[in-house]
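Structural overview for review
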Amino acid sequence: MMDVNEIREYLPHRYPFLLVDRVIELNPGESIVAIKNVTVNEPFFNGHFPDHPVMPGVLIVEAMAQAAGVLGFKTMDKKPQDGSIYYFVGADNLRFKRPVVPGDQLRLEAKVVSERRGIWKFDVKATVDGDTVSSATILCADRKV
């Protein structure tokens, strides 16, 4: 289990782009399960959309990528302060199944598929109340800063 203070050690993101609130399961080299609590106070809801708030799909993908980033950093036993950063570099088979709205709790899951020369491939999924919201295979590049 990781709280937001420990997550901030493994992700360089800060408000309003830190999209992982808690890690509830972590198996380095294998998988992670993290949580993003979606509240009406999120800054993006002011414009997306004012009368029908929906979390932008790109931010759902970013949340899944951030969970994968924590998994990658923990697997390598590295932190951004060590001079390393993960860049989100690609997505395949990206699908959205339903909107995410205020009050939802996103369950973010990532599994390591492979790692070659600093390019990590993850299968990721976001669910709300057991229903799949989004899924993809994403690529992240571990680079020196």
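Residues numbered from 1 in each chain as written. Predicted model: local features only at pLDDT ≥ 70, side-chain atom pairs only at ≥ 80, totals over all residues. Heavy atoms only, no water.

Re the sheet that holds strand E3 (residues 84-96)
- One open sheet holds the six strands; their spatial order is E1-E2-E4-E5-E6-E3, and the pairing between them is antiparallel. Looking at the sheet topology across the chains shown, the edges are occupied by strand E1 (22-27) and E3. Between one strand axis and the next, the sheet turns by 25 degrees as a mean value, whatever way the strands run.
- Both strand E5 (residues 119-128) and strand E6 (residues 131-144) contribute to a ladder of ten bridges, which runs antiparallel. (Pairing = 2+ DSSP bridges. Helix = DSSP H or I, 4+ residues; strand = E, 2+ residues; numbered from the N terminus. Axes fitted to C-alpha atoms, helices over the stretch in contact; angles between N-to-C directions.)

Side note on the UniProt feature "active site" (unreviewed entry) in the protein
- The sites that UniProt annotates as "active site" (unreviewed entry) are His 48.
- Residue position: His 48 is located in the loop between strand E2 (31-37) and helix H2 (57-76).
- Leave out the neighbours within four places in its chain, and His 48 touches Pro 53, Val 54, Met 55 and Pro 56. (UniProt positions renumbered as here; feature names shortened; annotations may be inferred. Contact = heavy atoms within 4.5 Å.)

Brief notes about the packing of aromatic side chains
- Under the counting rule described, the total for this entry stands at four aromatic pairs.
- For the pair Phe 73 and Tyr 86, a centre-to-centre distance of 5.0 Å together with 90 degrees between the ring planes defines the contact as edge-to-face. On the criterion of sequence distance, the pair formed by Phe 73 in helix H2 and Tyr 86 in strand E3 is long-range, its members being 13 residues apart.
- Look at Phe 73 and you get buried, because its relative accessible area is 1%.
- Owing to a relative accessible area of 12%, Tyr 86 belongs among the buried residues under this scheme.
- Measuring from ring centre to ring centre gives 5.9 Å for Trp 120 and Phe 122, while their planes differ by 10 degrees; the resulting arrangement is stacked.
- Overall, the relative accessible area of 0% leaves Phe 122 in the buried class.
- Taken together, Phe 73, Tyr 86, Trp 120 and Phe 122 form an aromatic cluster joined through their ring pairs. (Phe/Tyr/Trp six-rings, centres within 6.5 Å; stacked < 30°, edge-to-face > 60°. Buried < 20%, exposed > 50% of the residue type's maximum accessible area, 1.4 Å probe, protein only.)

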